[in-house]
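The lines below spell out each chain.
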Amino acid sequence: MIIREADKGELHVILDIVSSAFQRKDEVELTEALLSDPTAEPRLSLLAFDGQSAVGHALFSSVNISPEAPMKSALLAPLSVRPEHQRRGIGKALVRYGLQELADAETDAVFVLGHPAYYPTLGFQPAGPLGYDMPFPLPKGPPDAWMMRPIRPNIPDGIAGTIVPPNALNRLEYWRE
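Residues numbered from 1 in each chain as written. Predicted model: local features only at pLDDT ≥ 70, side-chain atom pairs only at ≥ 80, totals over all residues. Heavy atoms only, no water.

Chemist: I would appreciate a short explanation of the pairing of strand 9 (residues 161-164) in the present structure.
Modeler: Note on strand geometry: in a regular strand, side chains alternate between the two faces of the sheet. In the sheet, strand 3 (residues 53-66) pairs with strand 9 via three bridges, with the strands oriented antiparallel. Looking at the pairing, Ser66 lines up with Thr162 of strand 9. Inspection of the sheet shows strand 7 (residues 132-133) paired to strand 9 by two bridges, in the parallel sense. Each residue of the ladder has a partner; that of Tyr132, found in strand 9, is Gly161. (Pairing = 2+ DSSP bridges. Helix = DSSP H or I, 4+ residues; strand = E, 2+ residues; numbered from the N terminus.)

See below:
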């Protein structure tokens, strides 16, 4: 498997992966919007390949914390793997690769709204008890679905607040697990 940063000309490949993984139009629309949203920058868009075939995609977008905090953060959304390639470690490999790239770029933490049995295996923990709130209340789903993972040591103590997502993601319907 090869993982690399996606090229701008690979939008159709990315959207095809997201469409096959989620089979929901809103995930495809969100991905396309985030990839063109200047408030999501800097962002990291990764593709995973099995041979010549693109089989997975991960998108990390920049987020802020309100009140303003001296912490560089990102949000993982979405993480997509073609159904016929799921349960082979591709999603985890994409996340690990992204975490390393973000650490190299001096990002302090990554947030995710996701399955509370999957993401803790990658070092994520519930964000609410740590003082990090979602931009919208979680309407349904497990309360521990909102998670964060420090990726650099020594995040300053006492930082807390509400995540301010990119404009494209600042809609209630996107904040469900």
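Chemist: Help me out: how do you make sense of the packing of aromatic side chains in this one?
Modeler: The geometry of an aromatic ring pair comes down to the distance between the two centres and the angle between the two planes. According to the stated counting rule, one finds four aromatic pairs in the structure shown. Seen from their ring centres, Tyr118 and Tyr119 are 4.9 Å apart, and the 85 degrees between their planes marks the pair as edge-to-face. Residue classification places Tyr118 among the partly exposed residues on the basis of a relative accessible area of 26%. What makes Tyr119 buried here is its relative accessible area of 9%. Linked through ring pairs, Phe111, Tyr132 and Trp146 together constitute an aromatic cluster. (Phe/Tyr/Trp six-rings, centres within 6.5 Å; stacked < 30°, edge-to-face > 60°. Buried < 20%, exposed > 50% of the residue type's maximum accessible area, 1.4 Å probe, protein only.)

Chemist: Could you clarify how one ought to interpret the pattern of salt bridges in this entry?
Modeler: Should the charged atoms of two oppositely charged side chains come close, the side chains can pair. All chains considered together, the criterion is met by six salt bridges. In this structure, Asp7 engages Arg4 in a salt bridge whose closest nitrogen and oxygen atoms are separated by 4.0 Å. Assessed through its relative accessible area of 46%, Asp7 is described here as partly exposed. For Arg82, the salt bridge is made with Asp16, and the minimal N-O distance between the two is 2.8 Å. Of this pair, Arg82 sits in the loop between strand 4 (73-81) and helix 3 (90-104) while Asp16 sits in helix 1 (residues 11-22), and the two are 66 residues apart along the sequence. Each of Arg4, Asp7 and Glu10 takes part in salt bridges that share partners, so that together they form one network. (Salt bridge = Lys/Arg side-chain N within 4 Å of Asp/Glu carboxyl O.)

Chemist: Explain unusual backbone geometry to me, please; I cannot follow it from the model alone.
Modeler: The general pattern is negative phi for most residues beyond glycine and trans for most peptide bonds. Note the cis peptide between Glu41 and Pro42, where omega equals -5 degrees. One can find Pro42 in the loop between helix 2 (25-36) and strand 2 (44-50). With an omega of 0 degrees, the peptide bond running from Ser66 to Pro67 counts as cis. With respect to the helices and strands, the residue Pro67 is situated in the loop between strand 3 and strand 4.

Chemist: Where do I start with the environment of Met71 in this structure?
Modeler: Within the element layout of this structure, Met71 appears in the loop between strand 3 and strand 4. Here Met71 falls in the buried class, since its relative accessible area comes to 8%. Along the backbone, Met71 and Asp108 are 37 residues apart, and their C-alpha atoms lie at a distance of 6.1 Å. Once residues lying within four places of it in the same chain are set aside, the contact partners of Met71 are Ile65, Asp108, Ala109, Phe111, Tyr132, Ile155 and Ile159. (Contact = heavy atoms within 4.5 Å.)

Chemist: Any chance you could explain the pairing of strand 8 (residues 146-150) here in plain terms?
Modeler: The sheet contact formed by strand 5 (residues 109-113) and strand 8 spans five bridges and is antiparallel. Counted as the bridge partner of Val112 is Met147 from strand 8. Pairing of strand 6 (residues 125-126) with strand 8, which is carried by two bridges, proceeds in the antiparallel orientation. Residue pairing for strand 8: Pro126 is matched across the bridge by Met147.

Chemist: For this particular structure, what's the right way to read the nonpolar core?
Modeler: Taken as a class, soluble globular proteins show a tendency for nonpolar side chains to be buried jointly. Met71, Leu75, Phe111, Tyr132, Trp146 and Trp175 are the most contacted members of the largest nonpolar core, which has 26 residues in total. One finds Ala58, Ala93, Met147 and Ile151 within the second-largest nonpolar core, a separate group that totals 24 residues. (Core = buried A, V, L, I, M, F, W, Y, C linked by side-chain atoms within 4.5 Å.)

Any functional reading would require information that these geometric values do not contain.
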